Amino acid sequence: LSLKATGGRYEENYIATVGFEFFTYAANVVNDSTKKIIRLQIWDTCGQETYRSIVVNFYRNSTLAILVYSIDDIDSFNAIEMWVKQLKMYSNPDVKVFLIGNKSDLESSRVVTKEMGEKCKKDYKFDLFMETSAKTGFNSEEVFITAIRMLYDEYMKYNSTIKSNPTVGEKLKKNNRIEKEIKKASGCC
């Protein structure tokens, strides 16, 4: 999914991520007639149990987690519960979570229904559920565009609160990572 969205590539014989891979994704955001380029730093982590102790280190400073399962693999869908437990243990409580059902091009092999994905989103109060196909590109970029818009809107609300109510703003400033993440993502290199 990350390869398709960030580089327009799909590799038929792609070897699952070992450890992690790093990507950036940039998109234009228009707000109050101003146009800004926002960059996401995407850390694609592996799902193998062997590397789980490494993966939890990425949770701490994340502003958004994207949990991906394959619509033709019930075990990958059932693993969502374990990933949610890890997110609750290791990430900040305000982390946004997207649930993505990948491989929508394999409709004939589907074992996880859209309704199951929607119910999972509702049960866990995820911020988004969407199906994608890394192979065809269906919704691949939309996941990251939605992430940018959501995080940018939250950043703007955060700044608005700080400006309109300095006391509340100072408390938010101490507890909120979004400003740091936006600045870091907007910076050079």
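Anything mentioned here points back to the structure above.
Because the structure is predicted, anything quoted here is derived from the model rather than measured.

A. Summary view of the overall build of the protein chain. When you go through the protein chain residue by residue, the secondary structure sums to eight helices and five strands. Along the chain direction, N to C, the helices and strands of the protein chain fall in the order α-β-β-α-β-α-α-β-α-β-α-α-α. Taken across its 189 residues, the protein chain has 42% of its residues classed as buried. Considering only intrachain contacts with a sequence separation of at least 6, the fraction spanning at least 24 residues in the protein chain is 67%. Accessible area for the protein chain stands at about 11300 Å²; split by element, carbon and sulfur atoms hold 51% of it.

B. Region of the structure containing the pairing of strand β5 (residues 128-131). With burial as the criterion, each face of β5 is covered, one bearing L128 and M130 and the other bearing F129 and E131. Crossover handedness for the path strand β4 (residues 96-102) to helix α5 (residues 114-124) to β5: right-handed.

C. Layout of unusual backbone geometry. With phi around 70 degrees, K103 is a residue other than glycine that occupies positive phi space. Mapping K103 onto the fold places it in the loop between β4 and α5.

D. Fine view of the layout of surface pockets. One number sums up the size of the second largest pocket: a volume of about 220 Å³. What lines the second largest pocket is simply V84, L87, K88, S91, N92, P93, V95, V97, Y124, K125, F126 and D127. Counting residues per element, the lining of the second largest pocket draws most heavily on helix α4 (residues 80-90), at three residues. The residue inventory of the lining of the second largest pocket, partitioned by class, reads seven nonpolar, two polar and three charged.

E. Local environment of the sheet that holds β4. Across the sheet, which stays open at both edges, the three strands sit in the order β3-β4-β5 with parallel pairing between neighbours. Sheet topology places β3 (64-70) and β5 at the edges, where each strand pairs with a single neighbour. Across the sheet, the mean angle separating the axes of adjacent strands is 20 degrees when strand polarity is ignored. Relative to β5, β4 is paired through four bridges, and the arrangement is parallel. Looking at β5, one finds that L99 is bridged to F129. Where α4 meets the sheet, it contacts β3 and β4, and its direction lies at approximately 165 degrees from that of β3.

F. Quick look at the side chain of R110. As for its position among the elements, R110 is in the loop between β4 and α5. Accessibility expressed as a relative area gives 17% for R110, which makes it buried. A polar contact of 2.9 Å, which involves the side chain of R110, links it to the side chain of E107. Reaching out from R110, the side chain makes a polar contact with the backbone oxygen of V112 at a distance of 2.7 Å. Leave out the neighbours within four places in its chain, and R110 touches I71 and E131.

G. Summary view of the nonpolar core. Ranked by size, the top nonpolar core spans 19 residues in total, and within it Y25, L40, I42, F98, V143, F144 and I148 carry the most contacts. Within the residue set of this core, elements represented by two or more residues are β1 (20-31), β2 (34-45), β4, β5 and α6 (140-164). The element best represented in this core is α6, accounting for seven residues.

H. How the structure looks around the packing of aromatic side chains. All told, the structure shown has three aromatic pairs when counted by the stated rule. With a centroid separation of 4.9 Å and 75 degrees between ring planes, the pair formed by Y69 and F77 is classed as edge-to-face. You'll find Y69 and F77 in the same group, each marked buried. On the numbers, 6.2 Å between centres and 40 degrees between planes, the contact of Y152 with Y155 is tilted. Residue Y152 and its partner Y155 are located together in helix α6, separated by three residues, close to a single helical turn. Judged by relative accessible area, Y152 falls into the buried class, the value being 2%. Overall, Y155 belongs to the buried group, its relative accessible area being 13%.

Conventions we followed
Residues numbered from 1 in each chain as written. Predicted model: local features only at pLDDT ≥ 70, side-chain atom pairs only at ≥ 80, totals over all residues. Heavy atoms only, no water. Helix = DSSP H or I, 4+ residues; strand = E, 2+ residues; numbered from the N terminus. Buried < 20%, exposed > 50% of the residue type's maximum accessible area, 1.4 Å probe, protein only. Contact = heavy atoms within 4.5 Å. Areas by Shrake-Rupley, 256 points an atom, 1.4 Å probe, with all protein chains shown as cover. Right-handed = clockwise from strand over helix to strand, strands pointing away. 1 Å grid on protein atoms, 1.4 Å probe; cavity = no way out; pocket = protein on both sides within 12 Å on 5 of 7 lines; lining within 4 Å. Points joined across faces, edges and corners; volume = space filled by probe spheres on them. Nonpolar A, V, L, I, M, F, W, Y, C, P; charged D, E, K, R; others polar. Pairing = 2+ DSSP bridges. Axes fitted to C-alpha atoms, helices over the stretch in contact; angles between N-to-C directions. Polar contact = N/O pair within 3.5 Å; in protein donor to acceptor, adjacent residues only side chain to side chain. Core = buried A, V, L, I, M, F, W, Y, C linked by side-chain atoms within 4.5 Å. Phe/Tyr/Trp six-rings, centres within 6.5 Å; stacked < 30°, edge-to-face > 60°.

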